[in-house]
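Structural overview for review
Residues per chain are reported as follows:
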Amino acid sequence: LEKPIPQKSIVLPPLMKSFYEAVIDAGSSGTRIYLYKVTLAPYPVIELISHYEFSKTSSGKKEDGLNNFINPRKKNVVDDACREVIGPLLKSISLDLEKLGIERGVTTVNLLATAGMRYAEQHFGKEAVDHLYSLINKFIYQDGYKAGDIRTSHGSSEEGIWTWVNLNDVYRDIFNDGGTPLGIIEVGGSSLQLSFPSSDASNSKNDIYCVEINNRQFNVFCKTYLGLGQDDARKKMRSSLGPEISAACFPPGFMAKNDFGDALDGFGTLSLKSDGNYQYQTCNDGYESVIEEIHTSTPLPKLENEEVEFVGIDGIYHALKFWDIEESPEKLKELINSKSLNIQNFIDISENEYTQAQCANATYVNSLLYGRLGLIAKNPKKMICALPNKCKTGKILTWTRGYLLLKYSKHQATLQSQNNEPKEH
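Predicted model, so just to flag it, every value in this text is computed and none were measured.

1. Describing the pairing of strand β5 (residues 146-152)
In terms of burial, β5 is largely enclosed, as 5 of its 7 residues are buried. Summarising the sheet, strand β4 (residues 108-113) and β5 pair through 5 bridges and their orientation is parallel. Looking at the pairing, Leu112 lines up with Arg151 of β5.

2. Some remarks on the packing of helix α5 (residues 230-245) against helix α10 (residues 358-370)
For the pair α5 and α10, interaxial distance at closest approach is 10 Å and the crossing angle is 100 degrees. Taken together, the axis directions place α5 and α10 in an arrangement best described as roughly perpendicular. Here Gln230, Ala233, Arg234 and Met237 of α5 lie close against α10, whose contacting residues are Ala360, Asn361 and Tyr364. Taken together, the residues of the contact of α5 with α10 sort by class into 4 nonpolar, 2 polar and 1 charged.

3. A few points about helix α4 (residues 155-171)
When the terminal C-alpha atoms of α4 are compared, their 22 Å separation across 17 residues agrees well with the 24 Å that a helix rising 1.5 Å per residue should span. Where α4 bends most, the angle comes to about 25 degrees, and this point is Ile161. After α4 finishes, the residue Asp173 shows a positive phi value of roughly 50 degrees.

4. Notes on the state of the cysteines
Joining two cysteines, a disulfide is a covalent bond between their sulfur atoms. The final tally for this structure, using the stated rule, is 1 disulfide. Here Cys249 connects covalently by a disulfide to Cys283, the sulfurs 2.0 Å from one another. Taking the torsion about the sulfur-sulfur bond, which here is approximately 110 degrees, the covalent link between Cys249 and Cys283 counts as right-handed. One end of the pair, Cys249, is in the loop between α5 and β10 (262-264); the other, Cys283, is in helix α6 (residues 280-297), and 34 residues separate them in sequence. The two residues Cys249 and Cys283 agree in class, both being buried. Free cysteine Cys359: the closest other cysteine sulfur is in Cys283, separated by 8.1 Å. Residue classification places Cys359 among the buried residues on the basis of a relative accessible area of 1%.

5. Some points on the pattern of salt bridges
Scanning the model with the defined rule gives 20 salt bridges in all. Of the charged contacts, one joins Arg238 and Asp262 as a salt bridge, the two residues approaching to 2.7 Å between their closest N and O atoms. Placement of Arg238 in helix α5 and of Asp262 in strand β10 is noted, with a sequence separation of 24 residues between them. Taken individually, Arg238 and Asp262 each receive the classification buried, so the pair is uniform in this respect. Within the structure, one salt-bridge network assembled from shared partners comprises Asp231, Arg234, Arg238, Asp259 and Asp262.

6. Digging into the packing of aromatic side chains
Following the criterion strictly, the structure yields 14 aromatic pairs and no others. Relative to Phe254, the ring of Phe250 has its centre 5.9 Å away and its plane inclined at 20 degrees; by these criteria the two rings are stacked. Assessed through its relative accessible area of 1%, Phe250 is described here as buried. For the pair Phe322 and Phe346, a centre-to-centre distance of 5.4 Å together with 15 degrees between the ring planes defines the contact as stacked. A residue pair is termed long-range when its members are at least 10 positions apart, and Phe322 in the loop between α7 (315-321) and α8 (332-339) and Phe346 in the loop between α8 and α9 (353-356) qualify at 24 residues. An aromatic cluster of at least three residues, connected via ring pairs, comprises Trp162, Trp399 and Tyr403.

7. Thoughts on the sheet that holds strand β7 (residues 191-197)
Strand pairing in a sheet is mediated by backbone hydrogen bonds. Such pairs are either parallel or antiparallel. Across the sheet, which stays open at both edges, the 6 strands sit in the order β8-β9-β7-β6-β12-β13 with mixed pairing between neighbours. With partners counted over all chains shown, the strands left at the sheet margins are β8 (208-213) and β13 (383-386), one partner each. Neighbour-to-neighbour, the strand axes of this sheet turn through a mean angle of 25 degrees, independent of strand direction. In this structure, strand β6 (residues 183-187) lies alongside strand β12 (residues 310-314), joined through 5 bridges in parallel fashion. Paired with Gly183 across the bridge in β12 is Phe310. Sheet strands in contact with α4 are β6, β7, β8, β9 (216-226) and β12, and its direction is about 125 degrees off that of β9.

What counts as what
Residues numbered from 1 in each chain as written. Predicted model: local features only at pLDDT ≥ 70, side-chain atom pairs only at ≥ 80, totals over all residues. Heavy atoms only, no water. Buried < 20%, exposed > 50% of the residue type's maximum accessible area, 1.4 Å probe, protein only. Helix = DSSP H or I, 4+ residues; strand = E, 2+ residues; numbered from the N terminus. Pairing = 2+ DSSP bridges. Axes fitted to C-alpha atoms, helices over the stretch in contact; angles between N-to-C directions. Parallel < 35°, antiparallel > 145°, perpendicular 65-115°, else oblique. Contact = heavy atoms within 4.5 Å. Nonpolar A, V, L, I, M, F, W, Y, C, P; charged D, E, K, R; others polar. Expected span 1.5 Å × (residues − 1). Bend = angle between axes of the 7 residues up to and from the residue. Disulfide = S-S within 2.5 Å. Salt bridge = Lys/Arg side-chain N within 4 Å of Asp/Glu carboxyl O. Phe/Tyr/Trp six-rings, centres within 6.5 Å; stacked < 30°, edge-to-face > 60°.

In structure tokens:
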């Protein structure tokens, strides 16, 4: 079980009001870095300066997440992580800092891993994961930066809350002018995240977290469901249906020999043995069994009972964007059925792994939202739209910004509390 991890105490030089801080998002499908300018205030200003992500490592291999470097049986693979992934990211922001006239030595670099690393820890153990973190910590320091948080984030109390904070700050400005908050349905690579303000006493107290920024306070339900991310769900679907029947989740005419497959961390690859033959019901049934397995141990809530509106992000957005129905999510099943039978709708399917997975991922999202155990099956209009990771103002939807916003809001609140304490004479 996940246990909340206490964050490092924040130590800033006196009178330091603005500074630069980087956050590395070590996700289950890739690693990316964000450089921010932080200006301290009761309502901190977190300004994105730059962000970088590379589809391939420095040696030309696919960059598919730091969790793929966890393998105690292959020590050299673990050692490669810094050189192959972290080094190029740090080099990228170093050029930005140089232009700004900022020294590396005053810039903190944090690395927070998400569901992929939690999954890796289950397979390889905490010691193997901590070994990688120690190497990364040392590497950051040797590259001239200050090392901040280098660890796996807690899915519910941290990553999910940070996502909720940032999205509602960007789209509803709820910490400033009293806007109405949104709930979030987020499908990542390895996990599903649900977060929404709730006063429902039936929700477990362990899933309710108090969020306070700029004197506005919300009680937020937030829960992570490991195994319900689109990549992990697809792997389970392939495994349960088998390499021949799982062809029902791929369009007719897609040749099995072109299947990139789905890698099982350190345990091989799941690939088709039959050419694509999309059949909605067969594919849906495969995904329904995946959802039911998780639901049995960790029940999914019925979001149609909540008073807030919901938006979908990440995997949900990409599932809908392909069919141009981000504003009409309830049309998904209709379009999957009509368009998945024509391979001409998937122009680059032989070369693009994301296009290959489109039918399967869209079927999964439809099952998750509107299926037998669907989150909003009884009220399809409850999710008003799916949002891209970049809004019209240029701000990016990333939990890394929410992490800093909440972190320095707490810092300012602590300072204010200390300043208000009666002084001894």
